[in-house]
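Below, each chain spelled out in residue letters.
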Amino acid sequence: MINILNGRSGTKVPNARRRNELIFYTLMMIIPVIQVIIFYFVVNMNSILLSVKRFSYGTDGGLAGYTFAGLDNFKQCFYDLFNDFSLKSSFKNSLLAFGIQTLVMPWISMAFSYYIYKNRFGGKLFNIFLFLPSIISPLVITRIYAVILDDALPELITLVTGKVTLSIYNSHFFESLIFYYMLTSFGTSVLLYRGAMTAIDLSVMEAADLDGAVGIKGFIHVVFPLVYPTYVTFIVVGIASIFTNQLNLFSFATASAEKKYWTYGYFLYVKTATGGMSDYPYLAAMGLIFTMIAVPLTFTARKLLVKIGPSDH
Amino acid sequence: MKKIKLIALALASILTLGFTACGGTTPADPDPSGSSEIVNESIDASKTQIWIDHYNGGVGSAWFAPLKERFEAAYADYRIGDKVGVQLKLSNHKDMGSQQINSVSSSDMDVFLSEGFDYYDGIAKDLFLDITDVVTSMNSDGKTIESKYNEEQRRYYNYNGKYYGIPHYTIYTGLVYNITLFEDELLYLSANPSVNGGFITSLSDARSLGPDGKTGIIGGIDYSEDDGLPATYDEFFKVCDRMVANDIIPFTWSGIYGKAYFHGLLNRLTANYEGKEQLMLNFTYNGTATNLVKSINADGSVVLDDPTTITVDNGYEIYRSAGRYYALKFLERIGSNQDYYDYVNTSKTGSDSHTDAQTRYILSKYNRKSKPIAFLMDGAYWENEAYDVGAFSTLKTVYHVDRKDTKFGYMPLPRVDASHIGDPEVVLDNASSLAFINKNVEQRCPEKIEILKEFLKFANTDESLREYTVKTNNLKALDYDLTEEDVSSLAYFTQTLIKLKDKAEQVYPFDNNSKYVDNRSILNISATYVTDNYKFAAVALIDDKVSAKNYFNELVGYRRTKW
């Protein structure tokens, strides 16, 4: 008889063993499955239901609790998306964050990864320093960064130039945010790109060297096509996180960031953190609108990138 | 391989440096409360424990030790099962209520003394035990706790006939002024405005009447505390100009938090102009507004509109109040001259904390490397925070000045112009500190409910309220009297606050109408100056130099569209 579970022909797996393996499999999977059901399906279903409700505390004798609000929350959301300054700023800043994440950082990360992969001078040092912001606690590193730009660097400039220099963190807050975002983006991306490059068969690289595809040519014609799937992953993740990326704004400013610096991710986070139960339905509606935009965009982008990208051949 | 092992070992060793933080901070000043001993006190298994979750912020926990002693003594024979007596166990932390709200239902803490805990959200999430009997029943001091509430508190905390929480302590924000500096530099205004530019020439000179327009003891209230202080906005900036000329910096504030504190100042300035009745329209939406701006003249003065009936439907109109406009004008004037504020340190929005600002402020008068600073924008609990980080200890060890030789005061604010001198001062309580019993005790330990209620009652007797103030130099958010002995034992700053409060109108800025409660995230007192473009008026007017007029118009338009 052919064993279906272990594929060995001529061997029959006893029922008890199959049962035991099924029990083991079920026990291993049951917690993750319950987790997915609760934290994905139930939570998202709850968000959908919440988005069409209104909450009142019933303090003046009125009805306390949730009532059906139809599409009122969605109407308010769409109005605010085009009229509320914080959301208009969020559009601009979230797009900028997306641009940096998908159009700028991948290339800089790949360049550094290629440099390290090629064992060039100081490559290993780059490896450590680029990864450092990712392994130190974000709380610590944001504070250090803020103090350097707020205090240390201006003091140094004042000392050197003799001209009183005020906080760079304050006068160039958004630029500081962007620079920090870029600095801390390196860690994971360099690690993954370098991993993908390391997985390239040595014989391929040797053949490329023999054919004269060295340096940048080697990168463009050999390395990049082979790490393209990793590149696609980063782009797709970047698109999916357009509406959740905070640009580390909460780490720096907590709930006190001025509206001109907000991103969609920060808007959702801070409104949820500082709001009450009467604010949640509106935020649920807003989250759903973001999802309805992000999901098709993500799938379309992935399909497009896979279609137009270089093939392994 | 050996090299990698060595590097790994070195990195791991560096990580152990993080353990140095486990000892916690060791402030230069000793912990006066002894609360660390109480927190670490071992559990007495023969007694019933009452677990108290305590937000240990600016006010501190010096009040707890004597309360614990008295309560445990009073209930030494209290029996639950085979346990005799009670033991209060304090759990100190610095989590705001908004951070705790989702963990209360699963917490083992019985009583919460919190800050920033939303009362109505707590009720909606069924986190609070019904303590109506605690609030309305006669206490051992012959009064009910409810009798110590004012009208706004009674309306706000009474949810459909029941009480679920008790206001804990007050949170006043405003302006601190260095009285020692004022005295040493003769910055008080003279009763004779034609001499010495209007300033006194010696401390014995007769001073101007100040913002309250009176002096001396009248009806048991001392009106002389503000004598010589600027009575109007113009006088205030005249004093600021004198300070600048004398190499004194008028203002400092925390780089990180100052812009939020400015809202407190703006609200108090608005309140002083509007008065309690008009100010409450911002929350009740029920009454007639008499100070609404119709138009703003080129010279910055306003044309007032006809009295306007305010209802829930047109509540946005109240944002046109003249008091709000003039408060913005005050802020605009601060921002108009960089010499008016400590622009180097206040620009450090990433690193200059409230305690940095407090330390800088306290030491500025004696630190020869910096100019003395006259005003600090902060909350009324600021001295406790400064003490905790060792500011007064540094003052003693480095500059040989004892804390008791310093005099700081809670500044009575100037009025818009001379026609408003004598209008009552208004003090605003931020009203975000709350005491409640965890609802889960009904399932977790129902046998303790009675003693938990007794604890809340005990902690809110007049004796306990007075003791709290004496120990913390802060006021509880209830109506109670302090003896003369109590007052004289308080820090000088707190004495000035009490003197101001005695002659002021107290405003609790909230209401229980559904329009306000259901939208309080954007209608609460802290958000009244938020516009479409700006979260903080200080950023707009001081950093970005937006004019008061433009900001005011933007504010009015924003509220109209958002209503």
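Residues numbered from 1 in each chain as written. Chains lettered and ligands numbered in written order. Predicted model: local features only at pLDDT ≥ 70, side-chain atom pairs only at ≥ 80, totals over all residues. Heavy atoms only, no water.

**Considering the overall build of chain B**
- Secondary structure summary: chain B contains 24 helices and 21 strands in total.
- At 25 Å, chain B has a C-alpha radius of gyration in line with the 24 Å of a compact globule built from 563 residues.
- Taking all 563 residues of chain B together, the buried fraction comes to 58%.
- Across chain B, contacts joining residues at least 24 apart in sequence account for 72% of those joining residues at least 6 apart.
- A total of about 22,500 Å² of accessible surface is found on chain B, and carbon and sulfur atoms cover 50% of it.
- Taken together, the 58 basic and 78 acidic charged side chains of chain B have centroids lying 5 Å from each other. (Helix = DSSP H or I, 4+ residues; strand = E, 2+ residues; numbered from the N terminus. Rg over C-alpha atoms; globule rule 2.2 N^0.38 Å. Buried < 20%, exposed > 50% of the residue type's maximum accessible area, 1.4 Å probe, protein only. Contact = heavy atoms within 4.5 Å. Areas by Shrake-Rupley, 256 points an atom, 1.4 Å probe, with all protein chains shown as cover. Lys, Arg positive; Asp, Glu negative; His and termini not counted. Charge placed at Lys NZ, Arg CZ, Asp CG, Glu CD.)

**Focus on the overall build of chain A**
- A tally of regular secondary structure across chain A gives twelve helices and two strands.
- Moving toward the C terminus, one meets the helices and strands of chain A in the order α-β-β-α-α-α-α-α-α-α-α-α-α-α.
- For a compact globule of 313 residues, the expected C-alpha radius of gyration is about 20 Å, and chain A comes in at 26 Å, more than 25% above that figure.
- The principal-axis extents of the C-alpha atoms in chain A amount to approximately 80 × 75 × 35 Å.
- Relative to its full complement of 313 residues, chain A shows a buried share of 39%.

**Let's talk about the sheet that holds strand 18 (residues 408-410) of chain B**
Residue and element names in this part refer to chain B.
- Across the sheet, four strands lie side by side as 12-17-9-18; this open sheet has mixed pairing. In this open sheet, the two strands that pair with only one neighbour each are strand 12 (249-252) and strand 18. The sheet shows a mean angle of 25° between the axes of neighbouring strands, direction not considered.
- Of the pairings in the sheet, the one linking strand 9 (residues 173-178) to strand 18 comprises three bridges and is antiparallel in character. The residue bridging tyrosine 177 from the neighbouring strand is glycine 409, located in strand 18.
- Strand contacts of helix 20 (residues 492-502): strand 9 and strand 18, with the helix running at about 25° to strand 18, the strand carrying the most contacts. (Pairing = 2+ DSSP bridges. Axes fitted to C-alpha atoms, helices over the stretch in contact; angles between N-to-C directions.)

**Things to note about the pairing of strand 1 (residues 48-55) of chain B**
All names here are of chain B.
- In terms of burial, strand 1 is a largely internal element, seven of the eight residues being buried.
- Sheet analysis places strand 1 next to strand 4 (residues 86-93), joined by eight bridges and oriented parallel. Bridge pairing in strand 4 links glutamine 49 to glutamine 87.
- Of the strand pairs in this sheet, strand 1 and strand 5 (residues 111-115) are connected by three bridges, and their pairing is parallel. Within strand 5, the residue paired with isoleucine 52 across the bridge is valine 111.

**Some details on helix 4 (residues 123-135) of chain A**
Residues and elements named next belong to chain A.
- When the terminal C-alpha atoms of helix 4 are compared, their 19 Å separation across 13 residues agrees well with the 18 Å that a helix rising 1.5 Å per residue should span.
- Every buried residue belonging to helix 4 is among Gly123, Leu130 and Pro133, and all of these are buried. Down the axis, helix 4 shows its buried residues gathered within 95° of arc, on one side only. For helix 4, the exposed residues lying more than 90 degrees away from the buried face are Lys124, Leu125, Ile128 and Ile135.
- Buried residues belonging to helix 4 abut helix 3 (85-117), helix 5 (138-161) and helix 7 (173-198). (Expected span 1.5 Å × (residues − 1). Arc of directions from axis to C-beta.)

**With respect to the packing of aromatic side chains**
- Overall, the coordinates contain 79 aromatic pairs over all chains when judged by the stated rule.
- Consider the rings of tyrosine 57 of chain A and tyrosine 120 of chain B, whose centres lie 6.0 Å apart with planes at 65°: the pair is edge-to-face. One end of the pair, tyrosine 57 of chain A, is in the loop between strand 1 (53-56) and strand 2 (65-68); the other, tyrosine 120 of chain B, is in helix 5 (residues 119-124), on a second chain. Tyrosine 120 of chain B shares its class with tyrosine 57 of chain A; the two are buried.
- Cation over ring: arginine 403 of chain B sits above phenylalanine 392 of chain B, and NZ or CZ is 4.6 Å from the ring centre.
- Here the guanidinium or amino end of arginine 520 of chain B rests over the ring plane of tyrosine 57 of chain A, the centre of that ring lying 4.5 Å away. (Phe/Tyr/Trp six-rings, centres within 6.5 Å; stacked < 30°, edge-to-face > 60°. Lys NZ or Arg CZ within 6 Å of the ring centre and 35° of its normal.)

**Quick look at unusual backbone geometry**
- Residues other than glycine seldom take positive phi values, yet asparagine 119 of chain A does so here, at roughly 55°.
- Inspection of the secondary structure puts asparagine 119 of chain A in the loop between helix 3 and helix 4.
- According to the relative accessible area criterion, asparagine 119 of chain A is exposed, its value standing at 63%.
- The phi torsion at histidine 400 of chain B lies on the positive side, around 55°, for a residue other than glycine.

**Looking at the packing of helix 10 (residues 258-284) of chain B against helix 11 (residues 322-335) of chain B**
Residues and elements named next belong to chain B.
- Running from N to C, helix 10 and helix 11 point in directions that differ by 165°, and their axes come no closer than 8 Å. One finds that helix 10 runs roughly antiparallel with respect to helix 11. Between helix 10 and helix 11 lies a crossing of right-handed hand. In this structure, helix 10 contributes Phe262, Leu265, Leu266, Leu269, Thr270, Tyr273, Glu274 and Asn282 to the contact, and helix 11 contributes Ala322, Gly323, Arg324, Tyr326, Ala327, Leu328, Phe330, Leu331 and Ile334.
- Considered class by class, the residues forming the contact of helix 10 with helix 11 number twelve nonpolar, three polar and two charged. (Parallel < 35°, antiparallel > 145°, perpendicular 65-115°, else oblique. Left-handed = near helix turned anticlockwise from the far one by under 90°. Nonpolar A, V, L, I, M, F, W, Y, C, P; charged D, E, K, R; others polar.)

**Some points on the pattern of salt bridges**
Residue and element names in this part refer to chain B.
- Applying the stated criterion across every chain, the model contains 42 salt bridges over all chains.
- The salt bridge involving aspartate 110 is made with lysine 448; its shortest N-O contact spans 2.7 Å. Here the residue aspartate 110 occupies a position in the loop between helix 4 (97-100) and strand 5, and lysine 448 occupies one in the loop between helix 16 (441-444) and helix 17 (449-459), the gap between them amounting to 338 residues. For the pair aspartate 110 and lysine 448, one class covers both residues: buried.
- With a closest N to O distance of 3.0 Å, glutamate 183 and lysine 407 form a salt bridge. Note that glutamate 183 is positioned in helix 8 (residues 179-184) and lysine 407 in the loop between helix 15 (391-399) and strand 18, a separation of 224 residues in sequence.
- What makes lysine 407 partly exposed here is its relative accessible area of 24%. (Salt bridge = Lys/Arg side-chain N within 4 Å of Asp/Glu carboxyl O.)

**Let's talk about the sheet that holds strand 8 (residues 166-167) of chain B**
Residues and elements named next belong to chain B.
- An order of 4-1-5-20-8 is seen for the five strands of this open sheet, with the pairing classed as mixed. Two strands in the sheet have a free side with no partner beyond their single neighbour: strand 4 and strand 8.
- Each of strand 1 and strand 4 is contacted by helix 3 (residues 64-74), which is oriented at about 160° to strand 4, the strand it contacts most.

**Section: the environment of leucine 541 of chain B**
Residues and elements named next belong to chain B.
- Mapping leucine 541 onto the fold places it in helix 23 (residues 537-543).
- A relative accessible area of 1% places leucine 541 in the buried class.
- Sequence separation between leucine 541 and leucine 478 is 63 residues; the distance between their C-alpha atoms is 36 Å.

**Some thoughts on the interface of chain A and chain B**
- Between chain A and chain B, the residue contacts involve 37 residues of the former and 34 residues of the latter.
- For the pair chain A and chain B, the summed buried area comes to about 2,800 Å², and 44% of that belongs to carbon and sulfur atoms.
- Between aspartate 544 of chain B and lysine 260 of chain A there is a salt bridge, with its nearest N and O atoms 3.4 Å apart.
- The tally of links between chain A and chain B comes to 25 residue pairs in polar contact (both at pLDDT 80 or more).
- Mapped onto the side of chain A that touches chain B, the elements with two or more residues apiece are strand 1, helix 2 (72-83), helix 3, helix 5 and helix 6 (168-171) of chain A.
- Its residues placed into classes, the side of chain A that touches chain B shows 15 nonpolar, twelve polar and ten charged. (Buried area = accessible area lost by both parts, 1.4 Å probe. Polar contact = N/O pair within 3.5 Å; in protein donor to acceptor, adjacent residues only side chain to side chain.)

**Observations regarding the pairing of strand 20 (residues 433-437) of chain B**
Residue and element names in this part refer to chain B.
- Of all five residues in strand 20, five are buried; the element is thus mostly enclosed.
- The alternating pattern of strand 20 places Ser433, Ala435 and Ile437 and Leu434 and Phe436 on opposite faces, both of which are buried.
- Inspection of the sheet shows strand 8 paired to strand 20 by two bridges, in the antiparallel sense. The residue of strand 20 that forms the bridge with isoleucine 166 is alanine 435.

**Concerning the layout of surface pockets**
- There is about 770 Å³ of room inside the second largest pocket.
- Around the second largest pocket, the lining is made up of 18 residues, and of these Ile128, Leu132 and Ile135 of chain A together with Ile7 and Leu11 of chain B lie nearest the centre.
- Mapped by element, the contributors of at least two residues to the lining of the second largest pocket are helix 4 and helix 7 of chain A together with helix 1 (2-15) of chain B.
- Residue composition of the lining of the second largest pocket, by class: 13 nonpolar, two polar and three charged. (1 Å grid on protein atoms, 1.4 Å probe; cavity = no way out; pocket = protein on both sides within 12 Å on 5 of 7 lines; lining within 4 Å. Points joined across faces, edges and corners; volume = space filled by probe spheres on them.)

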